[in-house]
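Architecture at a glance
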Amino acid sequence: MTDPTGGAFESARDSALAEVMAPDPPAPGSRRSLNWSRRRKSAGEVWREFWASGQGKAGLIILVVFVAMALLAPLITSSEGLKVTNALGNKQNAPPSWEFPFGTDNDGRSVLTLFVWGARISLFVGIAATLVAIFIGSFVGIIAGYAGGRTEGVLMRVTEWFLVIPFLPLAIVLASVLSRSLSTIILVIGITSWPGTARLLRAQVLSVKERTFVERARALGAGHGRIVGRHVLPSVLPLVFANLTLTVPIAILSETTLAFLGLGDPLRVSWGQTLGASFAAGATSIGAWWYYLPPGLGIVAVVLAFTLCGRALEEVLNPNLRQR
Amino acid sequence: MNTRYVLRRVGAASLSLIFVLALNFVLFRMVKSDPVGSLFRGRNVSQGAKDRLRAEFGLDKSMPEQFIAYVKQTAQGNLGISYSTRQPVSDEIASKIWPTVLLVGSATILSAIIGVFAGIRAAWRRNSAFDRGSTGASMFTYAIPDFYLGILLLAFFAFWLAWLPTGGMETAGGGGFVDTGKHLILPCAALAISYFGEYTIIMRSSLLEVLGEDYLITARAKGLRDALVRKRHAVPNAILPVITLFALNLGFVLSGAIAVETVFSWPGLGQATQDALKGPDYPMLQGLFLLFSSAIILTNLVTDVVYGYLDPRVSTP
């Protein structure tokens, strides 16, 4: 739906609402607690709507299961099982059995161990890279939207450049010139996936900064730091959060592809790395399905779960989407 | 059409291109390793021969000199010499473009066709079993990495059922149209299945938006059959976002199948990227990155200009 007034109606309505709803100045000290209780109440509402939507509930349950598995990995299997030297006595490429529920890989290691410990790295890289991307994206987006003028022009031009560059080739180039480690992968995915967030936040900040409460803060003599920190940031935070749940699955998919191509940390087992190893070892041609199915299905489940959560959250926060 | 609009778009595209060139230059100069040294690691080569080779690769000059030389060379179509094959990078790349265009191009067209029809059907019969099924399928295919889909198809159809070839573009010693077609089926299917969900979702939501418009009520009030309302009035007005998506995806035709080509040993640019990584063959990687990025910059420019032509509202400030 294109808005012919360019959102002017919305911002006029919002500022009118803000004026009507602005409470009389309460006694000092109570204002903050009032703010908090209001925020807690609206967070509760968001949560109830989120849980009521089938996809949000399904996504969250899958996620909790996988995160629990990743966190409790040391209790499920010992990390000693990841070492090739400890698996010398085991049968190689053995199908699932009582001893090895997911079979063994071409080094005789238990695929279950690889799966459980791989979840840790895949989830960790996905979340850490997203945090990097969200941080850069929010920083650029908020500064561009708030500052306006030439700063905005330059920042948005740079954002556009990063949007134009194909993600995977840039990630490959970066990963090939930097040393291969976990932090490289996180950094590479982070600096290649921030532009979307930056654009989204800039648009949001542009509308927020015109609202009356920001104007009021400015009139009361608040500095830029305070306005951004206390007024702009809190009102764009829900959006950042919804964006986060939709960026994590992309980051996890990116890690999988990079690790599959052999650009991951060679010393850490992740799902993508296991997939690459299984392919290199010819698991596809010898029919060792137990080797390549678990990590792949793990990725599909986690990505699907994050996407379900993100969509549910987006629908709750943005009622315009609910009709579709 | 507005000339200033076209010039502005061309200017922006040139700036993007310069950014890519600078990035390409800086990133590869960050590498500390000495390519000439690693080329002859373990072999007994005289210092003089090494120095001559360094001079040949232009590695003995200062950074700004190297950058200017790099831009000048690139403008002349000279992308350097591949470390691994000692052939010009541009020749290496040129021989690998067509397999990739064949694979990703056919997959892009196929996925757009399937996606558009699925999206139309889903929106027209909203909340039907088909709608829910296709939306679910779109989300599911989004969650599967394309190369993993390739591995699954490869394991099932090529190795287990042995219906289709397991990789490459043609049978050794054979070849021909039908043979290449057989080799194309699995990688093309893997890509098309990963791509079509996007088109389904965009087509569906765009059509749903149009469905509430007055002119559709008018069309129905005139007594037009359902199929005619859809074909003549609804779909033409809802197809624009799909065309945008298609145009944007055309930019990714060259770089879209790096991992899938690796899985199927498809002799294209993706496979070349993977091979160049092993060295690493930096001039080759540099050339490929430049090609992938400029393909996107160029398609975006063409799309923008064509849009300005089709829809004058876009080009008038």
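Since the model is a prediction, treat every value here as computed from it, not as a measurement.

**Section: the overall build of chain B**
When its secondary structure is counted, chain B shows 15 helices and 0 strands. Seen along its three principal axes, the alpha-carbon backbone of chain B occupies a region of about 85 × 60 × 35 Å. By the burial criterion, 36% of the 317 residues in chain B qualify as buried. Here the analysis covers contacts within chain B between residues at least 6 apart in sequence; of these, 73% occur between residues at least 24 apart.

**A word on the overall build of chain A**
When helices and strands are tallied, chain A shows 14 helices and 0 strands. If you list the helices and strands of chain A from N to C, you get α-α-α-α-α-α-α-α-α-α-α-α-α-α. Residues counted as buried form 40% of the 324 residues belonging to chain A. Taking all contacts inside chain A whose residues are at least 6 apart in sequence as the whole, residues at least 24 apart take part in 71%.

**Structural notes on the packing of helix H11 (residues 224–260) of chain A against helix H12 (residues 271–280) of chain A**
Residues and elements named next belong to chain A. Two elements in contact, H11 and H12, have axes separated by 7 Å at closest approach and are oriented at 35°. For the crossing formed where H11 meets H12, the hand is right-handed. Residues Glu255, Thr256, Thr257, Leu258, Ala259 and Phe260 of H11 form the contact with H12, whose own contacting residues are Trp271, Gly272, Gln273, Leu275 and Gly276. When the residues that make up the contact of H11 with H12 are grouped by side-chain class, the tally is 5 nonpolar, 5 polar and 1 charged.

**Brief notes about the interface of chain B and chain A**
Listed by partner, the interface residues are 41 residues for chain B and 31 residues for chain A. By residue number, the principal contributor to the side of chain B that touches chain A is helix H14 (residues 282–310) of chain B, which donates 8 residues. Taken together, the residues of the side of chain B that touches chain A break down into 32 nonpolar, 8 polar and 1 charged.

**Structural notes on the nonpolar core**
With 144 residues, the main nonpolar core has A:Ala171 and B:Leu191 as its most contacted residues. For this core, the element with the most residues is helix H5 (residues 111–147) of chain A, which contributes 16 residues. Contact partners of A:Ala171, with chain neighbours within four places excluded, come to A:Val188, A:Ile189, A:Thr192, A:Ser254 and A:Leu258.

**Considerations on H5(A)**
Owing to its 3.6 residues per turn, the α-helix brings residues three or four apart onto one side. Residue and element names in this part refer to chain A. Across its 37 residues, H5 extends 52 Å between first and last C-alpha, which sits within 8% of the 54 Å expected from 1.5 Å per residue. Within H5, the axis deviates most sharply at Gly118, by approximately 25°. Judged by how many residues are buried, H5 sits mostly within the fold: 26 of 37 residues are covered. Looking one or two places after H5, you find Gly148, whose phi comes out positive at around 65°.

**A few points about the environment of A:Ala280**
Tracing the sequence through the fold places A:Ala280 in helix H12. Sequence separation between A:Ala280 and A:Phe260 is 20 residues; the distance between their C-alpha atoms is 9.5 Å.

**Some details on the packing of helix H7 (residues 167–177) of chain A against helix H8 (residues 182–192) of chain A**
All names here are of chain A. Put simply, H7 and H8 touch, their axes get as near as 10 Å, and they point 145° apart. For H7 against H8, the interelement crossing comes out right-handed. Facing Phe167, Leu170, Ala171, Leu174 and Ala175 of H7, the residues of H8 in contact are Thr184, Ile185, Val188, Ile189 and Thr192. Considered class by class, the residues forming the contact of H7 with H8 number 8 nonpolar, 2 polar and no charged.

**Here's the deal with helix H6 (residues 129–143) of chain B**
Taking 1.5 Å per residue as the helical rise, H6(B) with its 15 residues ought to reach 21 Å, and the 21 Å between its terminal C-alpha atoms agrees with that figure. For H6(B), the complete set of buried residues consists of B:Ser134, B:Ser138, B:Thr141 and B:Ala143.

How each quantity is defined
- Residues numbered from 1 in each chain as written.
- Chains lettered and ligands numbered in written order.
- Predicted model: local features only at pLDDT ≥ 70, side-chain atom pairs only at ≥ 80, totals over all residues.
- Helix = DSSP H or I, 4+ residues; strand = E, 2+ residues; numbered from the N terminus.
- Buried ≥ 20, exposed ≤ 12 C-beta atoms within 10 Å, placed from the backbone.
- Contact = placed C-beta atoms within 7 Å.
- Axes fitted to C-alpha atoms, helices over the stretch in contact; angles between N-to-C directions.
- Left-handed = near helix turned anticlockwise from the far one by under 90°.
- Nonpolar A, V, L, I, M, F, W, Y, C, P; charged D, E, K, R; others polar.
- Core = buried A, V, L, I, M, F, W, Y, C linked by C-beta atoms within 7 Å.
- Expected span 1.5 Å × (residues − 1).
- Bend = angle between axes of the 7 residues up to and from the residue.

The values reported here are purely geometric and, on their own, carry no functional implication.
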